[in-house]
Amino acid sequence: MSYVTIKGLSKTYGKRTIIENIDVSVPKGQFVSIVGASGCGKTTFLRLLLAQEQPTRGEIHIDGAPMAREPGRDHGIVFQRYSVLPHQTVLNNLIAPRAFRSSFWGRLSRADRAEERDKARATLARIGLEHVADQYPADLSGGMLQRLAIAQALAGEPKILLLDEPFGALDPGTKIVMHDFLQELRDQSGMTIFMITHDLGEAFKLGDRVWAFDKPVWDATDPEKNAATITYDFDARDDGIPFQTLKERTHVLHPR
Ligand SMILES: Nc1ncnc2c1ncn2[C@@H]1O[C@H](COP(=O)(O)OP(=O)(O)OP(=O)(O)O)[C@@H](O)[C@H]1O
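Bear in mind the structure is a predicted one, so any value in this text is a computation, not a measurement.

Draft legend 1. Examining the site of the ligand more closely. Close contacts around the ligand come from Y13, I18, G36, S38, G39, C40, G41, K42, T43 and T44, and that covers them all. Element by element, the count of residues in the shell around the ligand is highest for helix α1 (residues 42–49), at three residues. A breakdown of the residues in the shell around the ligand according to their chemical character gives three nonpolar, six polar and one charged.

What follows is the structure, encoded as structure tokens:
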């Protein structure tokens, strides 16, 4: 059964249509990897899913209901550049976003605050950062920072996790450790995940499904015609089809 249903989705800025005619449905718990040439509208698509942008045409339904008009706790998002708060300790980085969002911290009793701290400590233990709870982000490695950013996104117990090149800045070894970490989290939470990546190996390794965004019409004389859509939707379970086929059939690895 469809959990995220997208019908006739388009986004236009001024006269320029960035993405158009997106019709897809995604079951609950599915992991969708999104690949495509630079600038073809992948982040725009995630921003629509996050309700940071409104569609020009079409609609998005999540769990049977129309999308909220504003970003909310239903969604967690992680970007390539670390979104942690530099002047807060690692522990406070897990508490502070919630406190800012709901301004609930000031209303909590001392016992409730202690409970929030315990919850945050338990999350840190789960992501292997308990030993650096009282340190600051500047003391952490790239992999640790990105684990913290993912934990922050998960703190609101979102229904959907959106990842925009989350591991793009990490070295290959740390990337592999992060893949295991994400797969583990996913198994535990059953979350529905959309992840943009420029790494096809990563897309097929982690995704149940890989979408290639591309511009089916290419007219150098009229750039406004060049809107992107999902041109291929691959079943990536059991490793899907070989990467080579994707390379040959799309422009994913040949940005114009
Ligand atoms: N708010 C906006 N106003 C006008 N144009 C925008 C806006 N946001 C994005 N664009 C344009 O939309 C196009 C798609 O951008 P987007 O960031 O979605 O691409 P992308 O596929 O995620 O790229 P990359 O892989 O390089 O991150 C770009 O040409 C960008 O300039």
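Draft legend 2. Structural context of unusual backbone geometry. At N21, a residue that is not glycine, the phi angle is positive and equals roughly 50 degrees. Looking at the secondary structure, you find N21 in strand β2 (residues 16–27). By the C-beta count within 10 Å, which is 16 here, N21 ends up partly exposed. Unusually for a residue other than glycine, D63 sits at a positive phi of about 55 degrees. Of note, D63 is situated in the loop between β4 (57–62) and β5 (65–66).

Draft legend 3. Here's a closer look at the domain arrangement of the chain. Taken domain by domain, the chain consists of domain 1 (1–74 + 159–170 + 192–255) and domain 2 (84–157). Taken together, the six residues of domain 1 in the interface contact five residues of domain 2. Across the side of domain 1 that touches domain 2, the residue classes break down as five nonpolar, no polar and one charged.

Draft legend 4. Seen up close, the sheet that holds strand β1 (residues 2–13). Taken together, the four strands give an open sheet; going across it, the order is β2-β1-β4-β5, and neighbouring strands pair in antiparallel fashion. This sheet does not close on itself; its edge strands, each paired only once, are β2 and β5. As judged from the two bridges shared by β4 and β5, these two strands associate in the antiparallel manner. Note on β5: the bridge partner recorded for H61 is P66.

Draft legend 5. Quick look at the nonpolar core. Formed by 56 residues in total, the largest nonpolar core has its most connected members in I34, L148, L162, F194 and V210. Element by element, the count of residues in this core is highest for helix α4 (residues 142–155), at eight residues. If you count residues domain by domain, this core takes at least three from each of domain 1 (1–74 + 159–170 + 192–255) and domain 2 (84–157).

Draft legend 6. Spatial organisation of α1. Restricting attention to buried positions, one finds in α1 the residues K42, F45, L46, L48 and L49. Relative to the axis of α1, the buried residues are bounded by an arc of 155 degrees and lie together on one face. One or two positions beyond α1, positive phi appears at A51, with a value near 65 degrees.

Draft legend 7. Local environment of the environment of G8. Note that G8 resides in strand β1. Looking at G8, the number of C-beta atoms within 10 Å reads 12, which means it is exposed. Distance in space between the C-alpha atoms of G8 and E20 is 7.2 Å, their sequence separation being 12 residues. When neighbours within four sequence positions are excluded, G8 is seen to be in contact with N21, D23, R57 and G58.

Draft legend 8. Structural view of the packing of α4 against helix α5 (residues 172–189). Contact geometry of α4 with α5 gives a least axis separation of 10 Å together with a crossing angle of 25 degrees. Relative to α5, the element α4 is oriented roughly parallel. For the pair α4 and α5, the crossing hand works out as right-handed. On α5, the residues touching G142, G143, Q146 and R147 of α4 are T174, V177, M178 and F181.

Draft legend 9. Here's a closer look at the pairing of strand β9 (residues 209–214). Burial analysis of β9 places six of its six residues in the buried class, which makes it a mostly covered element. Sheet topology places strand β3 (residues 31–36) next to β9; five bridges connect them, and they run parallel. Residue V35 lies in a different strand from β9, and its bridge partner there is A212. The pairing of β9 with strand β10 (residues 229–235) spans six bridges and is antiparallel. Bridging across to β10, D214 finds its partner in T229.

Draft legend 10. Focus on the pairing of β2. Direction of pairing for β1 relative to β2: antiparallel, over a ladder of eight bridges. Bridge assignment links K11 to a residue of β2, and that residue is I19. Two successive antiparallel strands, β1 and β2, enclose a turn made up of two residues, where G14 displays a positive phi of approximately 60 degrees.

Draft legend 11. Representation of the environment of G29. Mapped onto the elements of the fold, G29 is located in the loop between β2 and β3. Once the C-alpha coordinates of G29 and R121 are considered, the two residues, 92 residues apart in sequence, prove to be 26 Å apart. Those residues in contact with G29, other than ones at most four positions away along the chain, are G190 and T192.

The rules behind these values
Residues numbered from 1 in each chain as written. Predicted model: local features only at pLDDT ≥ 70, side-chain atom pairs only at ≥ 80, totals over all residues. Near = placed C-beta within 6 Å. Helix = DSSP H or I, 4+ residues; strand = E, 2+ residues; numbered from the N terminus. Nonpolar A, V, L, I, M, F, W, Y, C, P; charged D, E, K, R; others polar. Buried ≥ 20, exposed ≤ 12 C-beta atoms within 10 Å, placed from the backbone. Domains from an automatic or database assignment. Contact = placed C-beta atoms within 7 Å. Pairing = 2+ DSSP bridges. Core = buried A, V, L, I, M, F, W, Y, C linked by C-beta atoms within 7 Å. Arc of directions from axis to C-beta. Axes fitted to C-alpha atoms, helices over the stretch in contact; angles between N-to-C directions. Parallel < 35°, antiparallel > 145°, perpendicular 65-115°, else oblique. Left-handed = near helix turned anticlockwise from the far one by under 90°.

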